[in-house]
Amino acid sequence: GITRQYGLTNQEVLPEELIRIAQHNGFRTKLKTMSALKLHEYYPLPAIGIKPDGSYLVLLKVNTHEQKGLCFNPKSREAEEIASVDLTQRWMVLT
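Residues numbered from 1 in each chain as written. Predicted model: local features only at pLDDT ≥ 70, side-chain atom pairs only at ≥ 80, totals over all residues. Heavy atoms only, no water.

How should I be thinking about the nonpolar core in this particular structure?
A general feature of soluble globular proteins is that nonpolar side chains tend to end up buried together. If you look at the biggest cluster of nonpolar residues, it comprises 11 residues: A36, L37, L39, Y43, A47, L57, L59, V62, C71, I82 and W91. Leaving out residues up to four positions away in the same chain, W91 has contacts with K30, L31, K32, M34, S35, A36, L39, A47, I48, G49, L57 and L59. (Core = buried A, V, L, I, M, F, W, Y, C linked by side-chain atoms within 4.5 Å. Buried < 20%, exposed > 50% of the residue type's maximum accessible area, 1.4 Å probe, protein only. Contact = heavy atoms within 4.5 Å.)

Shown next as structure tokens:
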């Protein structure tokens, strides 16, 4: 699969590398820095979030009324609800 094709290891993939892999597989990608509360108004979900520590999460759903988002954490393999203060980060949008 992709892991073997691109020589990926257990280390986190850099955003630029992830964009290159996505584009090579037919996705148009954009790297945006904005609140997820605004992101979902302009781009379709899901979106890949880049956390300050360099790890990733996937934004699945945004509830603007409650100012919360539902994200999937690949490390824990669980969905988690996060507050809007944690939803402002870099997002990779695949369209």
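Explain helix 2 (residues 15-24) to me, please; I cannot follow it from the model alone.
Along an α-helix, residues three or four positions apart point the same way, because every turn accommodates 3.6 residues. Among all positions in helix 2, only P15, I19, I21 and A22 are buried. Along helix 2, the residues classed as buried sweep out an arc of 165° about the axis, all on the same side. Summarising the geometry of helix 2, the exposed residues directed more than 90 degrees from the buried face are E16 and H24. At the C-terminal side of helix 2, G26 shows a positive phi close to 95°. (Helix = DSSP H or I, 4+ residues; strand = E, 2+ residues; numbered from the N terminus. Arc of directions from axis to C-beta.)

Could you clarify how one ought to interpret the layout of surface pockets in this entry?
One way to see where empty space is left: roll a probe the size of a water molecule over the atoms. Here the second largest pocket defines a volume of roughly 230 Å³. Around the second largest pocket, the lining residues are E12, I48, S55, Y56, V58, F72, P74, K75 and R77. A breakdown of the residues in the lining of the second largest pocket according to their chemical character gives 5 nonpolar, 1 polar and 3 charged. (1 Å grid on protein atoms, 1.4 Å probe; cavity = no way out; pocket = protein on both sides within 12 Å on 5 of 7 lines; lining within 4 Å. Points joined across faces, edges and corners; volume = space filled by probe spheres on them. Nonpolar A, V, L, I, M, F, W, Y, C, P; charged D, E, K, R; others polar.)

Which parts of the structure should I look at to understand the side chain of T29?
Tracing the backbone through its elements, the reader meets T29 in strand 1 (residues 29-35). Accessibility expressed as a relative area gives 14% for T29, which makes it buried. Separated by 3.1 Å, the side chains of T29 and Q23 make a polar contact. (Polar contact = N/O pair within 3.5 Å; in protein donor to acceptor, adjacent residues only side chain to side chain.)

Honestly, the environment of N73 in this entry has me stumped. Any pointers?
Tracing the sequence through the fold places N73 in strand 4 (residues 68-73). The buried category is assigned to N73, whose relative accessible area is 14%. Distance from N73 to V58, taken between C-alpha atoms, is 6.6 Å for residues 15 residues apart in sequence. Beyond its immediate chain neighbours, meaning those up to four positions away, N73 contacts K51, E78 and E80. A polar atom in the side chain of N73 sits 2.9 Å from the backbone nitrogen of K75.

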